[in-house]
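# Structure assessment
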Amino acid sequence: EARQLEARNVEVGHQVATLHSKTTSRTRKIRRLYLSDKARVILESLMQEHPSGPMFLNRDGMPWTRNSINCQIQRLRKRTGLGKECVARMLRKHWITDALERGVPIATVAELAGHNSTKMIENVYSKLSQRHDHLINAVKTVRPKT
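Starting afresh in each chain, residues are numbered from 1 along the sequence in its written order. Selection of residues for local features in this predicted model requires a pLDDT of at least 70, selection of side-chain atom pairs for listing and counting requires 80 or more, and totals for whole chains, interfaces and linings are taken over all residues. As a convention, hydrogens and water are excluded, and side-chain values are obtained from all of the structure's heavy atoms.

## Some points on the overall build of the protein
Secondary structure follows DSSP: runs of H or I at least 4 residues long count as helices, runs of E at least 2 residues long count as strands, and numbering of each begins at the N terminus. Along the protein, the regular secondary structure elements total seven helices and three strands. Each helix and strand of the protein, placed in order from N terminus to C terminus, yields the pattern β-β-α-β-α-α-α-α-α-α. When its C-alpha atoms are laid out on the principal axes, the protein stretches across 60 × 40 × 30 Å. Only protein chains enter the accessibility calculation, which uses a 1.4 Å probe. A residue is then buried if its area is under 20% of the maximum for its type, exposed if over 50%, and partly exposed in between. Counting across all 146 residues of the protein, residues that qualify as buried make up 25%. Here, two residues are considered to be in contact whenever any of their heavy atoms come within 4.5 Å of each other. Sequence-distant contacts, at least 24 apart, represent 42% of the contacts inside the protein between residues at least 6 apart.

Now the structure itself:
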C-alpha cells in the first residue's frame, strides 16, 4: 500500500493517509493508514522531496514496484541472515501478531489492517500460538496464584 502514496494522500495533522485499496471499487470504502509518529516524520520529509507523484522512489527515481520491494527484502535477508520465510507479507503478519500480543483489541487490529471483519485476523494472521512466552504470561494473568 505504501508504494502508492502521494503527498496529496497524507493528512499530516491527523496522522492519516488515505488511498484506494484493491477492494475500494467493490466496498466503496477508502483505505485509511493511521500513522505512527515515526511514520509521520518520514512522510513529512518525503512530501517535501516529492510534492507530487509517488513518494517512495528507488535510487533511479522510479516508483517502487512489487518486484523492487521483493528485491529489497531479499537483500535484507542476506544482510541479516533471515530465512526465505521473510517476505513482505510476513512483516504484516508479524505486525498484526505484535498488536494482538500487546493487547490491542482484535476489532481495532482488523480495522488498522484494512479488514472488514476479524475473521481474516483470526484465521490467517494471528500467530499467537507461536508466542510461547506470551501464552504462559496469559495463563499467569488468568490464574496468578496457581
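Having seen the model, we can carry on.
## Describing a positive patch on the surface
Exposure above 30% relative accessible area and the lack of any salt bridge qualify a residue for a patch; like charges then connect within 9 Å, and the nonpolar side chains Val, Leu, Ile, Met, Phe, Trp and Tyr within 5 Å. The Shrake-Rupley method, run with a 1.4 Å probe, gives the accessible areas here. Residue values count only the displayed protein chains as cover. Here, a salt bridge means any Lys or Arg side-chain nitrogen found within 4 Å of an Asp or Glu carboxyl oxygen. This count recognises Lys and Arg as positive and Asp and Glu as negative, with His and chain-terminal groups excluded. We put the charge of a Lys on NZ, of an Arg on CZ, of an Asp on CG and of a Glu on CD. A cluster of basic residues, Arg59, Arg75, Lys78 and Arg79, forms a positive patch at the surface. Accessibility expressed as a relative area gives 40% for Arg75, which makes it partly exposed.

## A word on the environment of Leu100
Relative to the assigned elements, Leu100 resides in helix H4 (residues 88–101). A relative accessible area of 13% means that Leu100 is categorised as buried. Taking the C-alpha atoms as reference points, Leu100 and Leu128, 28 residues apart in sequence, are found 7.8 Å from one another. Discounting residues that sit within four places of it in the chain, Leu100 has contacts with Ile106, Val109, Ile121, Ser126 and Leu128.

## Observations regarding the nonpolar core
Counting residues in each nonpolar core, the largest one holds twelve residues, listed as Leu5, Ala7, Val10, Ala17, Leu19, Leu33, Leu35, Leu43, Leu46, Met47, Met55 and Phe56. Sorting the residues of this core by element identifies strand E2 (16–19) and helix H2 (37–49) as the ones contributing at least two each. No other element matches H2, which puts three residues into this core. What Leu46 contacts, discounting residues up to four positions off in sequence, is Met55 and Phe56. Think of a nonpolar core as a cluster: buried Ala, Val, Leu, Ile, Met, Phe, Trp, Tyr and Cys residues, connected wherever their side-chain atoms sit within 4.5 Å. Within the second largest apolar cluster, nine residues are counted, among which are Ala99, Val109, Ala113 and Ile121.

## Some thoughts on the packing of aromatic side chains
How two aromatic rings sit relative to each other is given by the distance of their centres and the angle of their planes. Side-chain rings of Phe, Tyr and Trp (the six-membered ring for Trp) are treated as a pair once their centres are within 6.5 Å; stacked means planes under 30 degrees apart, edge-to-face means over 60, and tilted covers the remaining angles. Within the structure shown, the criterion is met by one aromatic pair. For the pair Phe56 and Trp64, a centre-to-centre distance of 4.8 Å together with 40 degrees between the ring planes defines the contact as tilted.

## Description of the confidence of the model for the protein
As a per-residue quantity, pLDDT reports the predictor's confidence and falls between 0 and 100. On average, the protein scores 85 in pLDDT, and the residues at 70 or more come to 95%. Averaged pLDDT values over the elements of the protein bottom out at 67 in helix H1 (residues 24–27) and peak at 94 in H2.

## Side note on the sheet that holds strand E1 (residues 10–11)
Ordered in space as E1-E2-E3, the three strands form an open sheet in which the pairing is antiparallel. Sheet topology places E1 and strand E3 (31–34) at the edges, where each strand pairs with a single neighbour. Sheet topology note: the E1/E2 ladder contains two bridges and is antiparallel. Note on E2: the bridge partner recorded for Glu11 is Val16. Note on pairing: DSSP must find at least two bridges between two strands before they are called paired.

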